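# Examination of the molecular architecture
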Amino acid sequence: MSVDTETVARIAALARIKLGEGELEAMVPELNGILAWVEQLGEVDVTGIEPMTAVIPNTLRLRDDVIDADPLTGGGKRDDVLANAPAAEHGFFGVPKVIE
Amino acid sequence: MSGLTDLGVKAIRDGVAAGEFSAVEVAEAFNANVAAASALNAFIVATPEAALDAARATDARRAKGEALGAMGGVPIGMKDLFATKGVQTSAASHILEHFKPEYESTVSQKLWDAGAGMLGKLNLDQFAMGSSNETSYFGNVINPWRKSDSNAALAPGGSSGGSSAAVSARLCPAATGTDTGGSIRQPAAFTGISGIKPTYGRCSRWGIVAFASSLDQAGPMARDVTDCAIMLEAMVGFDPKDSTSLQMPVPQWEAGLSPNLKGKRVGVPREYRMDGMDEDVAKSWDQGIAWLKDAGAEIVDISLPHTRYALPAYYIVAPAEASSNLARYDGVRYGLRDLPEGAGLQDMYAATRAAGFGAEVKRRILIGTYVLSAGFYDAYYTQAQKVRTLISLDFKNAFESCDVILAPTAPTAAFALGENTEDPLAMYLNDVFAVPASLAGLPAMSVPAGLNRDGLPLGLQIIGNMFDEQGVLNAGLALEQAAGFSARPEKWW
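Let us look at the structure shown here. The structure displayed is predicted, hence computed values, not measured ones.

## Here we look at the overall build of chain B
A count of helical and extended segments in chain B gives 15 helices and 11 strands. Expected size for 493 residues packed as a compact globule is a radius of gyration near 23 Å; at 21 Å, chain B falls within 12% of this value. Each principal axis of the C-alpha atoms in chain B carries an extent, and together these give about 65 × 55 × 50 Å. Taken over 493 residues, chain B has a buried fraction of 62%. When contacts within chain B are restricted to residue pairs at least 6 apart in sequence, those whose partners lie at least 24 apart make up 78%.

Take a look at the structure:
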């Protein structure tokens, strides 16, 4: 499978990355080179093989159902959470107007 | 005392504890080396005061007769992928350029708790995506090593290129690295130092800027195996804040170090001996086999039949996870925001990410988005994850007949800056020997084995079974003692 300019433009839109005209053109052969190379995986016989879900056998833990069990990642951290926001306003994240 | 900067982790820790010199003297000596080495561009931010503060605290504890900790008095470099409270954590990207975390990563906190101090934040490939440190927004790191007949600037390896250059140039006795597909081992090999990636889950990923979460592991980079064992012990341990953290006790790796490999079986994978292999790399591998045999090990021929599919599987799995992880950079919560005149929310996202990510990061996000998109997911991503299972099974079968595996770390010695930047695939091939162990989550380390025809260091890689860091370190120690590697880059910076 190979990608054309239109497909790369669609992927870039899905990834929310604006690509300029020249950037888009340059990306097409690069992505095709990589995709052609990874396609050799198709020749591997994977009959009866499950896709990997955990690299080291491990079970996902459930934390205790306690409020603020870890004070660092619990609640009450509004100012810390907003400290690096490019546009924090009135205790909220500021975003451009989204109502058309 | 310039001699202090020639000391490693163990020598500094023991010397400070014995009162041979103070932690402040050590910190001052390394701070001076960092300040004088801007030509290497190894540090993005230097934090001499943080190093001195930690050193003063260590000296004060010693004065009171208190225990100094496993890293007491040792100043280290911190890869700029670890969140450090109040200190810029950029991942070498523009999008996080002014990001100052309100919290500390688990691994860095453990190191500070063990008595280490921070000399600064080390340069890396942007978001750890690269094998030469040429994708950093803050410029290339220069390898302190040069070919014997040329002054051309060489790559320090990547992604932990600032870490490798700084340790090799004696700007710090040790540094943190992270390894997603070879990012500790390959730069260690390129600069004549040691580095170990532990079993996936040993080091908490909490507070490490995420690249590919099923692969990312932190580990130490230092000038010898013992220093790696000491520092690794201080970095690992169960962390409830990382859902994949291993709930296991921390082994005493330093105490368990032994170069005697009597009764151990060392596997040599035949698929790693590739056509057109660099002659010096092949020679150093053969030498390594002979050394481990001399150390008492039995050498076993093994097969890892899916080796050639590891890299292509990695370049589906890692970009797929990256495209998901890097979705968080949206210009809203932290980092850069680019808001063109009159732009709406969607335009703001796209403009911010266009301005904030470098070319290689964009390339990988696009590949990842494509292989996860509707209609292609099974053909690419599911197939790659099945191949990953097969690669893991290859290792499982191999460890039936051997205890550790010996292989080269990288296919060549350090290459020139710019040599591989035109062709992304040529760059990716650097990690051909490193990626299989990453895909299987196994512990693996690189130790310096000697110099090639150009006077550049070559590394040998030891891969161990899951949880067997001790076996890896011990085989590494046997190689180290046999190699007697004492070469160091001539100071030109």
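## Some remarks on the interface of chain B and chain A
Of the residues lining the interface, 59 residues belong to chain B; the matching set on chain A comes to 45 residues. Contributions of two or more residues to the side of chain B that touches chain A are made by helix H9 (310-325), helix H10 (345-356), helix H11 (359-371), helix H12 (377-401) and helix H13 (424-428) of chain B. In terms of residue count, the dominant contributor to the side of chain B that touches chain A is H12(B) (11 residues). Its residues assigned to classes, the side of chain B that touches chain A shows 33 nonpolar, 16 polar and 10 charged.

## Brief notes about the environment of Thr58(B)
Residue and element names in this part refer to chain B. The residue Thr58 is located in helix H3 (residues 48-63) in this model. It is 9.4 Å that separates the C-alpha atoms of Thr58 and Gly117, two residues lying 59 residues apart in sequence. Non-local contacts of Thr58, meaning those with residues more than four positions away in its chain, are made with Val16, Ala23, Leu68, Gly72, Gly73 and Gly115.

## Comments concerning the packing of helix H1 (residues 5-14) of chain A against H11(B)
Running from amino to carboxyl end, H1(A) crosses H11(B) at an angle of 95°, the nearest separation of the two axes being 9 Å. Here H1(A) lies roughly perpendicular to H11(B), going by the angle between them. Packed against H1(A), whose contacting residues are Val8(A), Ile11(A), Ala12(A) and Leu14(A), the element H11(B) presents Leu366(B), Thr369(B) and Tyr370(B) at the interface. Here the contact of H1(A) with H11(B) is built from residues that sort into 6 nonpolar, 1 polar and no charged.

## A word on unusual backbone geometry
Keep in mind that most residues, glycine aside, have a negative phi and that most peptide bonds are trans. Residues and elements named next belong to chain B. Residues Gly158 and Ser159 are joined by a peptide bond in cis, for which omega reads 10°. Tracing the backbone through its elements, the reader meets Ser159 in the loop between strand E3 (117-122) and helix H5 (161-168). In the Ramachandran plot, Ala91 falls in the positive-phi region, its phi being about 55° despite a non-glycine side chain. Mapped onto the secondary structure, Ala91 falls in the loop between strand E2 (75-79) and helix H4 (106-113).

Cut-off values and rules
- Residues numbered from 1 in each chain as written.
- Chains lettered and ligands numbered in written order.
- Predicted model: local features only at pLDDT ≥ 70, side-chain atom pairs only at ≥ 80, totals over all residues.
- Helix = DSSP H or I, 4+ residues; strand = E, 2+ residues; numbered from the N terminus.
- Rg over C-alpha atoms; globule rule 2.2 N^0.38 Å.
- Buried ≥ 20, exposed ≤ 12 C-beta atoms within 10 Å, placed from the backbone.
- Contact = placed C-beta atoms within 7 Å.
- Nonpolar A, V, L, I, M, F, W, Y, C, P; charged D, E, K, R; others polar.
- Axes fitted to C-alpha atoms, helices over the stretch in contact; angles between N-to-C directions.
- Parallel < 35°, antiparallel > 145°, perpendicular 65-115°, else oblique.

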